[in-house]
Amino acid sequence: MARSSLSGVWGCVYDRLQERRSFATPGDLARYLNPRMIDTPALELIDQKLIELTRTHDGRLIISVPPQEGKSERGALAFPLWALMRDPSLRIGIASYNHDIAARWGRRIKDAIVSTPELGLSIKFGAGKQNEWELASGGGGIFTAG
């Protein structure tokens, strides 16, 4: 149905659903959340590998690029959020050498969900600890460990 035939609240809902579907890659979502983000060839390759990872049963990926390339922003924020948008039943673990760092990424994902309702996700009431939380629908969520 074309947007022009919808008006008012339903038009806004339609627009949000179309926008949500427009995130073909974690990078698309990362740029939506942070319009100042600049993609590099390394980040584009990381996107490709992250997408492949979602299609691989029991897959694993190690990302090793120089500091300040954007790998953590892409891999620990945009990718888990992007994956949850596609499958709200996913249980995602974020691990780091330091629990505070892992918890920070879990908190940033949670903050993005709360502050960006057009993503179509919400946090389950009463399951809002910073290091472990669930989505309101689907049963998926984030667990952090360090």
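Data block above holds the structure.
Basis of the calculations
- Think of each chain on its own: its residues are numbered from 1, step by step along the sequence as written.
- Only residues with pLDDT of at least 70 get local features here, since the model is predicted, and only at 80 or more are side-chain atom pairs given and counted; chain-wide, interface and lining totals rely on the full set of residues.
- In computing side-chain properties, one takes all heavy atoms of the structure into account and sets aside hydrogens as well as water.
- Going along the chain from the N terminus, every DSSP run of H or I of four or more residues is numbered as a helix, and every run of E of two or more is numbered as a strand.
- Expected span of a helix: the number of residues minus one, times 1.5 Å.
- Partly exposed describes any residue whose relative accessible area lies between the buried limit of under 20% and the exposed limit of over 50%, with all areas from a 1.4 Å probe on protein chains only and scaled to the type maximum.
- Under this definition, polar contacts are N or O atom pairs within 3.5 Å; protein pairs additionally need one hydrogen-donor-capable and one acceptor-capable atom, and for neighbouring residues in sequence, both atoms have to be side-chain atoms.
- Any two residues whose heavy atoms approach within 4.5 Å are treated as being in contact.
- What makes two strands pair is DSSP finding at least two bridges between them.
- Working definition: the arc comes from the directions between the helix axis and the C-beta atoms, pointing outward to the latter.
- The salt bridge criterion pairs a side-chain nitrogen of Lys or Arg with a carboxyl oxygen of Asp or Glu, the two atoms within 4 Å.

Caption draft 1: Summary view of helix H5 (residues 99–115). An ideal rise of 1.5 Å per residue puts 24 Å on 17 residues; H5 measures up with 24 Å between its terminal C-alpha atoms. Turning to H5, its buried residues number three or more, namely Ala102, Ala103, Trp105, Gly106, Ile109, Lys110, Ala112 and Ile113. For H5, the N-terminal capping position is held by asparagine 98, with its side-chain oxygen 2.7 Å away from the main-chain nitrogen of aspartate 100.

Caption draft 2: View of the side chain of threonine 116. Among the structural elements, threonine 116 can be located in the loop between H5 and strand S2 (123–128). For threonine 116, a relative accessible area of 8% corresponds to the buried category. Among the polar contacts listed, one links the side chain of threonine 116 to the side chain of serine 115, at a separation of 3.5 Å. Residues in contact with threonine 116, not counting those within four places in the same chain, are Tyr32 and Leu33.

Caption draft 3: Expanded view of the pairing of strand S1 (residues 91–95). Covered by surrounding structure in S1 are Ile92 and Ile94 only, the residues Arg91, Gly93 and Ala95 on the alternate face being uncovered. For S1 and strand S4 (residues 141–145), the ladder comprises five bridges, and the chain directions are parallel. Paired with arginine 91 across the bridge in S4 is glycine 141.

Caption draft 4: Focus on helix H3 (residues 41–54). The terminal C-alpha atoms of H3 lie 20 Å apart, and with 14 residues this matches the ideal 20 Å at 1.5 Å per residue to within 8%. Residues of H3 that are buried include every one of Leu43, Ile46, Asp47, Leu50 and Ile51, and no others. All buried residues of H3 project into a common sector of 135° when viewed along the axis, lining one side. Elements that come into contact with the buried residues of H3 comprise helix H2 (26–33) and helix H4 (71–86).

Caption draft 5: Summary view of the pattern of salt bridges. For the coordinates displayed, the defined rule picks out nine salt bridges. Glutamate 134 is paired through a salt bridge with lysine 124; the nearest N and O atoms lie 3.4 Å apart. Here glutamate 134, found in strand S3 (residues 132–135), pairs with lysine 124, found in strand S2; they are 10 residues apart in sequence, far enough to count as distant. Relative accessible area serves as the criterion here: at 27%, glutamate 134 is assigned to the partly exposed category. Several salt bridges converge on common partners, so that one network encompasses Asp28, Arg31, Asp39, Asp47 and Arg74.

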